[in-house]
Amino acid sequence: MSIVGFDTATDDVAVALTRDADAIAERQLAPPDGGRPRHASGLIAEIEAVVGEGGGWELVEAIGVGVGPGSFTGLRIGVATGRALAQALAKPLVPVGTLEALARGIGERSEASERLRLAVLDARRGQAFAALFGPGGEQVWAPLVAGPEELAERLRSLARPCLAGGSGALRFRRVLKAAGVAVLADPDPAHRVSARQVCDLAAAGAPAPIESVRPIYLRPPDAEIWLERDAR
Amino acid sequence: MVLLAIETSCDDTCAAVTEGARIRSSVISSQAAAHERFGGVVPEVASRHHLELVNPVVDAALSEADVGLEDVDGLAVTRGPGLIGALLVGVATAKSLAAATRKPLVGVDHLHGHVAANFLEPEALEPPFLCLVASGGHTLLAGVREPAGFETLGQTLDDAAGEALDKGARMLGLGYPGGPAIERAALAGDPTAFDFPVGMSRDPGFDFSFSGTKTALLYAIRDLDRSEVEERRADLAASFQAAVVKQLIAKLDKALDAGEWPAVALGGGVAANSLLRRRTAELCEGRGLRLKLVPTELCTDNAAMIASAARFLEPARYPDYLEWDAAA
Ligand SMILES: [Zn+2]
């Protein structure tokens, strides 16, 4: 069974095609030097490329899409693409948590062993998107948005050792270490979301009606916050 | 040729199916209620709604037209101008639908869409004509000599006409969207009660500016006390609306003097304003010109007009459109 999976919650465009859990093709497009992410221009082109390598859409049995949390615009491009492909091709669409995919990659590192896996993305504005998973992949904390101090506070209460990865783990490395959390080395590829993980999670996950597949934003639009402030 | 078009440049999620100049379906899911409490369109809120709505709206357009995606000859989508996050939802959706079915895709300029609304049945208008597009997002005076494009004769230097009406309505406490609210309030008012300046009246060109009229309204309100504003709200609304419409008509008149145009067309949400419609009709009657007023649902943003423009443009074949971005 072939699965195409992709994620655009981070600055990367991550796309992969797997067959029976083997990666047939995988792409990871970083932004050009100093430029914007290539979500808009790169995503569907890369999807078409990996599907072509895998023998065409006829052989694809499901579409996995990363639903965040992460960049709002990136997520919307990814989810809109996944929904439209599923709509046009009548293929099952499986929403996959970006942090879960990230944690799965962290779990594959030898350092991980029996540690908890903390997936952390830089959420800008001095905050992080984070979720915590056990060694078997089970979710310990649902995705949350928090400042580094608040995150550290929560981490200090953990009874078990923990390994962190992701753009947020790099950004807040010092705070995480001070809270007793190990962080993957700087150049480790598991800091980036791999679409192969999205495919694997989609293979194990349940398809959802396309209208119900939506980004995990975690933050309301700013205008909402201002309106609430004005009301107070 | 059967086309499926998608339009998500501002706060309406739209899809339509056309066959030649005939509209087979045109579905518009307005988000006005979602933006009302903010007193204007909030880009992030609009983008979130577009993503929620775009697939059901496409489905509805196809089923109302009684066609499947496989039956359409091509797709069309608005690439800009508009809110970038909102446009991206439509562009990503259209590219994916087209790619999955290997159909051609046409990227359309939103303003060309407003112009092309006039090419739709019933009573399709053929170029040449002069077209005034006025809405919350744009104010454009377009010279249309062929269906594949238009010449920009004038545009606004600051607020769009509809945006000025929205802001005026907010100053007067009339709610959102402002255009219809001002028009309603103005019905009971005297348009000559306040002498608000008409923008760009000395300017020899065809560009527009509404900031002076808006500032004059602000000062007029400031000079009155609260109960007087209450009492004279209808007069303020009527005078303000009159000044905005007067400028639109003056520029239209000037452009008609400068060129040979056998017909005039109105587009954009402000074209639903009955004072503007009346004044334009008088202008055309006086000059013996044909006036084309498209139905209101084709004045405001819609996807049928995008399909209408796409008919006259070169489509991109698969895979040439895969790397398209939106053009805010
Ligand atoms: Zn418009």
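This text follows the structure it describes.
The shown structure was predicted, so the numbers you read here are calculated from the model rather than taken from an experiment.

Glancing now at the pattern of salt bridges. All names here are of chain B. A complete count under the given rule lists 29 salt bridges over all chains for this structure. The partner of R48 in a salt bridge is E44, with the nearest N and O atoms 2.7 Å apart. Taken together, the residues R48 and E44, both in helix α2 (residues 43-65) and four residues apart, mark about one turn of the helix. One salt-bridge network, in which partners are shared between bridges, spans D159, E163, K167 and K214.

Further remarks concern the layout of surface pockets. Residue and element names in this part refer to chain B. In this structure, the largest pocket spans a volume of roughly 1100 Å³. The wall of the largest pocket is formed by 37 residues, among which D11, S135, G136, D166 and Y176 lie closest to the centre. When residues of the lining of the largest pocket are traced back to their parent elements, those giving at least two are β3 (22-30), α4 (110-116), α5 (161-171) and α6 (178-186). By residue number, the principal contributor to the lining of the largest pocket is α5, which donates six residues. When grouped by side-chain class, the residues that make up the lining of the largest pocket number 13 nonpolar, 16 polar and eight charged.

Turning next to the coordination of the zinc ion. Residues and elements named next belong to chain B. In this structure, H110 (NE2), H114 (NE2), H138 (NE2) and D301 (OD) serve as the protein donors to the zinc ion, at separations of 2.1 to 2.4 Å. Taken in sequence order, the residues that donate to the zinc ion follow the motif H-x3-H-x23-H-x162-D. Of the two residues, H110 is situated in helix α4 and H138 in the loop between β6 (129-134) and β7 (139-146); the sequence distance between them amounts to 28 residues.

Before going further, it helps to spend a moment on the side chain of R117(A). All names here are of chain A. With respect to the element layout, R117 can be found in strand β6 (residues 116-122). Despite its burial, R117 pairs with no opposite charge, the nearest such side chain being E114 at 6.2 Å. A polar contact of 3.4 Å, which involves the side chain of R117, links it to the backbone oxygen of G107. Those residues in contact with R117, other than ones at most four positions away along the chain, are A103, I106, G107, A112, A131, L132, F133, G134, P135 and L163.

All names here are of chain A. Taken together, five strands build an open sheet; the order of strands is β3-β2-β1-β4-β5 and the sheet is mixed. Single-partner strands in this sheet number two, and they are β3 (22-29) and β5 (93-96). Taken pair by pair, the neighbouring strands of this sheet meet at an average axis angle of 15°, ignoring direction. Judged from the five bridges that link them, strand β1 (residues 2-7) and strand β4 (residues 60-66) form a sheet pairing that is parallel. Residue F6 lies in a different strand from β4, and its bridge partner there is V65. Packing of helix α1 (residues 39-53) onto the sheet brings it into contact with β1, β2 (13-19), β3 and β4, and relative to β2 it is tilted by some 15°. Sitting on the sheet, helix α7 (residues 195-204) touches β1, β2, β3, β4 and β5, and the angle it makes with β1 is about 125°.

What counts, and where the lines are drawn
- Just so you know, the residues in each chain are numbered from 1, in the order the chain's sequence is written.
- Going through the entries in the order they are written, you letter the chains from A and number the ligands from 1.
- Residues qualify for local features only when their pLDDT is at least 70, as the model is predicted, and side-chain atom pairs are given and counted only at 80 or more; totals for whole chains, interfaces and linings, by contrast, use all residues.
- The side-chain figures draw on all heavy atoms in the structure; neither hydrogens nor water molecules are used.
- Salt bridge criterion: a side-chain nitrogen from Lys or Arg within 4 Å of a carboxyl oxygen from Asp or Glu.
- A run of H or I in DSSP becomes a helix once it reaches four residues, and a run of E becomes a strand once it reaches two; helices and strands are each numbered from the N terminus.
- Here a cavity denotes a set of grid points, spaced 1 Å apart and computed over the protein atoms alone, in which a 1.4 Å probe fits but from which it cannot get out, and a pocket denotes an open set meeting protein on both sides within 12 Å along at least five of seven lines; residues with an atom within 4 Å of a point are reported as lining.
- Grid points are joined across faces, edges and corners, and a volume is the space filled by probe spheres set on the points.
- Put simply, Ala, Val, Leu, Ile, Met, Phe, Trp, Tyr, Cys and Pro go in the nonpolar bin, Asp, Glu, Lys and Arg in the charged bin, and everything else, Gly too, in the polar bin.
- A 2.8 Å cut-off from the metal defines N, O and S donors, relaxed to 3.2 Å for Na, K and Ca; water is not in the atom list, so some sites may appear incomplete.
- Burial status follows relative accessibility: with a 1.4 Å probe on protein chains alone, a residue under 20% of its type maximum counts as buried, one over 50% as exposed, and anything between as partly exposed.
- His is not counted, nor are the chain ends; Lys and Arg add positive charge and Asp and Glu add negative charge.
- For the purposes of these results, a polar contact is taken to be a pair of N or O atoms within 3.5 Å, where, inside protein, one atom must be able to donate a hydrogen and its partner to accept one; residues adjacent in sequence count only when each atom of the pair is a side-chain atom.
- We call two residues in contact whenever any of their non-hydrogen atoms come within 4.5 Å of each other.
- DSSP bridges decide pairing: two strands pair if at least two such bridges lie between them.
- Interaxial angle, 0 to 180 degrees, is taken between N-to-C directions of lines fitted to C-alpha atoms, where a helix line uses only the stretch in contact.

None of this, on its own, says anything about what the molecule does.
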